[in-house]
Amino acid sequence: MTIDEHQDWLVNFYKERDWYRFSPMNRLVFLSEEIGELSRAVRTIELNGRDHPGDKILTENERLDNLKEELADCFDQLLIICKQYGIRYSELSDYSENKLKKRFKTK
């Protein structure tokens, strides 16, 4: 599945559940929450666990799976924000590459 196909699928999924109605400003709040969860997942990997009372000790595979889950959650929020502004996510890779090439011209 391409990024654009996933974006279309995700928008339909959100619309079926009436989640798409939330504004981009609300989406930023959701994205901020997901970034916090992503930060926790990275910290858990980097510190080989959280060492927090009550936390289950995760295996390396469980920690990596949690990282993938949180990255996907952040990515999905970005996909929805893009769609709400009429932007195909695939456009952003070209935009990013062109900006970086222009800003950091190589010899």
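Residues numbered from 1 in each chain as written. Predicted model: local features only at pLDDT ≥ 70, side-chain atom pairs only at ≥ 80, totals over all residues. Heavy atoms only, no water.

### Digging into the overall build of the chain
For the chain, the helix and strand inventory stands at four helices and zero strands. What you see in the chain, going N to C, is helices and strands ordered as α-α-α-α. In terms of overall size, the chain is more extended than a compact globule, its C-alpha atoms giving a radius of gyration of 17 Å where 107 residues would be expected to give roughly 13 Å. Based on the C-alpha atoms only, the size of the chain along its principal axes is roughly 50 × 45 × 30 Å. For the chain, the share of sequence-separated contacts (at least 6 apart) that also reach a separation of at least 24 residues comes to 73%. For the chain, the accessible area works out to roughly 8,200 Å², and carbon and sulfur atoms hold 55% of it. Side chains of the chain carry 18 positive and 21 negative charges; the gap between the two charge centres is 8 Å. (Helix = DSSP H or I, 4+ residues; strand = E, 2+ residues; numbered from the N terminus. Rg over C-alpha atoms; globule rule 2.2 N^0.38 Å. Contact = heavy atoms within 4.5 Å. Areas by Shrake-Rupley, 256 points an atom, 1.4 Å probe, with all protein chains shown as cover. Lys, Arg positive; Asp, Glu negative; His and termini not counted. Charge placed at Lys NZ, Arg CZ, Asp CG, Glu CD.)

### A look at the confidence of the model for the chain
Scored by pLDDT, the chain comes out at a mean of 93, with 97% of its residues at no less than 70. Looking at the elements of the chain, mean pLDDT is at its lowest for helix α4 (residues 89–103), recorded as 91, and at its highest for helix α3 (residues 60–84), recorded as 97. (pLDDT = per-residue confidence, 0-100.)

### Observations concerning the pattern of salt bridges
Per the stated rule, a full pass over the model turns up six salt bridges. Residue K101 pairs with E97 through a salt bridge whose shortest N-O separation is 2.8 Å. Taken together, the positions of K101 and E97, both in helix α4 and four residues apart, correspond to about one turn of that helix. Linked through salt bridges whose partners overlap, the residues forming this network are D4, D8 and R88. (Salt bridge = Lys/Arg side-chain N within 4 Å of Asp/Glu carboxyl O.)

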